[in-house]
Structures are given as C-alpha cells and as structure tokens.
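# Coordinates in review
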Amino acid sequence: MTPRLLFRRVAIAEAITWALLLTGMFLKYVTETTELGVQVFGMVHGVVFVAYCLTTVLVAVDQRWSFGRTLLGLAAAVPPFFTVLFDWYAERRSAIADTWRLRHAEPSGPLQKPAAWLIRNPARGAVTGVIAVVALTGLALLVGPPA
C-alpha cells in the first residue's frame, strides 16, 4: 500500500468515526434516546484516532515533513472532519508520494530507522501498528476519558 493510499484511508476512517460519534452524541444529549451510540462510537473513534496519529507520524517521517506540517496533520484529528481537509491540503502540496521513500533510501536518524523497518517489513509493520494502537488505546482507557 502506498503512503498516499494508507494516509487517505485512515483519514477518511477518522472522519467517518467522527460522524458516528456526533450521531451518538446527538442521540444521547439532544433526543435523550440512548447512551449506546456514545459508548460504542466513542470507543471506535478513539481507536481510529490513535491509528490516524500513528499513521501521520509514520508518513511524516518517511516523506520528510517539517515539524509544522506534522503538527498540523496531528492537530487535524481534533476538530471533526479536518483529517479529510488535511489530506486534501497534503495532496495539493504534493506532500505525500505514491512510494515509500524509506523502502529503498538509507535511514538516518532515530525516527527513520524504526520507520524504515516498518515500511520494509509490511506484515510485521501492520502487526506492530495494531499492537501499538491497542496499547495506546488501553493506556488512554486507563488514564480516563477527556474532561
């Protein structure tokens, strides 16, 4: 999978889970119908949020994004649907290539080495990504919901 396709899919998934969470919040707070939507879609959104953030960091390292662009990509996960806008922004500025740079380039630096390993070993990288999402989601659950 290309960095552009991976990023776009995760960005769209994050936006969809925002829509589901907002629907759940509407059902809970406006219609006072049920809390189930917030409970289910809140968890789903949290998992996809973590996946989006990890994907953003991986793509940022591989594509040599500036600190500012990386921060903007991460911040796009906070307001609803902004991940899709950031994907559009990155596309317009050719910030995400169709190939992984670190698949063939020699990594330099502490972040590029693990990123290169993840990219060069896609099956192991995917498993590592899932484990990271589960671990970070579990940590977030231990810390508690946002205030």
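Just above, that's the structure.
First things first, this report covers the structure right here in the doc. (Residues numbered from 1 in each chain as written. Predicted model: local features only at pLDDT ≥ 70, side-chain atom pairs only at ≥ 80, totals over all residues. Heavy atoms only, no water.)

### Some details on the packing of aromatic side chains
Cut-off, in case you're wondering: What counts as a ring pair is set by centres within 6.5 Å for rings of Phe, Tyr and Trp (its six-membered ring), and what kind of pair is set by the plane angle: stacked under 30 degrees, edge-to-face over 60, tilted for all other angles. Here a strand is any run of E in DSSP of at least two residues, a helix any run of H or I of at least four, and the numbering for each starts at the N terminus. With a 1.4 Å probe rolled over the protein chains alone, any residue whose accessible area is under 20% of its type maximum counts as buried; one over 50% counts as exposed, and the rest are partly exposed.
For the structure on display, the rule yields five aromatic pairs. Ring plane angle 65° and centroid distance 5.9 Å describe the contact between Phe-7 and Phe-86, whose orientation is recorded as edge-to-face. Of this pair, Phe-7 sits in helix 1 (residues 3–30) while Phe-86 sits in helix 4 (residues 82–92); the two residues are 79 residues apart in sequence, bridging distant segments of the chain. We classify Phe-86 as buried; its relative accessible area is 3%.

### Observations concerning helix 6 (residues 122–143)
This is how it is decided: The length a helix should cover is 1.5 Å for every residue beyond the first. We call two residues in contact whenever any of their non-hydrogen atoms come within 4.5 Å of each other.
Its 22 residues give helix 6 an end-to-end C-alpha distance of 31 Å, which sits within 8% of 32 Å, the value for a rise of 1.5 Å per residue. Looking at the packing, one finds that the buried side of helix 6 touches helix 2 (36–62) and helix 5 (112–120). The first or second residue beyond helix 6 is Gly-144, which carries a positive phi of 115°.

### Quick word on the packing of helix 1 against helix 4
Heads up, the condition is: A fitted line through C-alpha atoms represents every axis, and for helices the fit uses only the stretch in contact; the resulting angles, taken between N-to-C directions, go from 0 to 180 degrees. Every angle not falling under 35 degrees, over 145, or within 65 to 115 is termed oblique; those three ranges are roughly parallel, roughly antiparallel and roughly perpendicular. Residue polarity follows a fixed list, in which Ala, Val, Leu, Ile, Met, Phe, Trp, Tyr, Cys and Pro are nonpolar, Asp, Glu, Lys and Arg are charged, and the others, Gly among them, are polar.
Close contact between helix 1 and helix 4 brings their axes to 8 Å; oriented N to C, the two are set at 155°. Compared by their axis directions, helix 1 and helix 4 come out roughly antiparallel. Contacts between helix 1 and helix 4 involve Arg-4, Phe-7, Arg-8, Ala-11, Ile-12, Glu-14 and Ala-15 from the former and Thr-83, Val-84, Phe-86, Asp-87 and Glu-91 from the latter. Here the residues of the contact of helix 1 with helix 4 sort into six nonpolar, one polar and five charged.

Treat this as a map of the structure, not an account of what it does.
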